[in-house]
Amino acid sequence: MLAALLAVALVARETTREATPHEYVAILQKDTASPAIEVTVDLDKRELRVRPVAAQAPSGKAYELWIIDAKLGAPRSLGVIGGEPRAASLSAYDPAIVENATYAVTVEPPGGSPDGKPSGPPVFVGKLILVGP
């Protein structure tokens, strides 16, 4: 009888346990003393959020965010970063690539890179780290 009660309790606990979200954060920076841009990723929703921390693009220029991974070939743009937080979909990317990629920011003309390639070297770089358990 006790074994049956324990089995029921274990099944009930397993069915009510919530799935652990796959949330990540990266602080893109040029060095450890200058956090510039926060990138958060919800891998389950395949959603990326970008929030400037202390970065301000040079006058007449824009910051553009890139995902970089050898499996992708050339860096791929994730969009221009403005002064306000914004979200973007990562549904076009394999979750393993999203999780292990390098995220970088370059200085571009207003509106972003005209040819879909970074115009220069990254000014801020970071990798995702798992948030929570």
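Keep in mind that this is a model prediction, so the values were computed, not measured.

### Structural notes on unusual backbone geometry
Of note, Arg46 is a non-glycine position whose phi angle comes to about 55°, a positive value. You can see Arg46 is positioned in the loop between strand S2 (35-42) and strand S3 (47-52). The class for Arg46 is partly exposed, based on a relative accessible area of 24%.

### Concerning the pairing of strand S4 (residues 62-68)
For S4, the tally of buried residues reaches 6 of 7 residues, placing the bulk of the element in the interior. Sheet topology places S4 next to strand S5 (residues 76-81); 5 bridges connect them, and they run antiparallel. Looking across to S5, one finds that Ile67 is bridged to Arg76.

The rules behind the values
Residues numbered from 1 in each chain as written. Predicted model: local features only at pLDDT ≥ 70, side-chain atom pairs only at ≥ 80, totals over all residues. Heavy atoms only, no water. Helix = DSSP H or I, 4+ residues; strand = E, 2+ residues; numbered from the N terminus. Buried < 20%, exposed > 50% of the residue type's maximum accessible area, 1.4 Å probe, protein only. Pairing = 2+ DSSP bridges.

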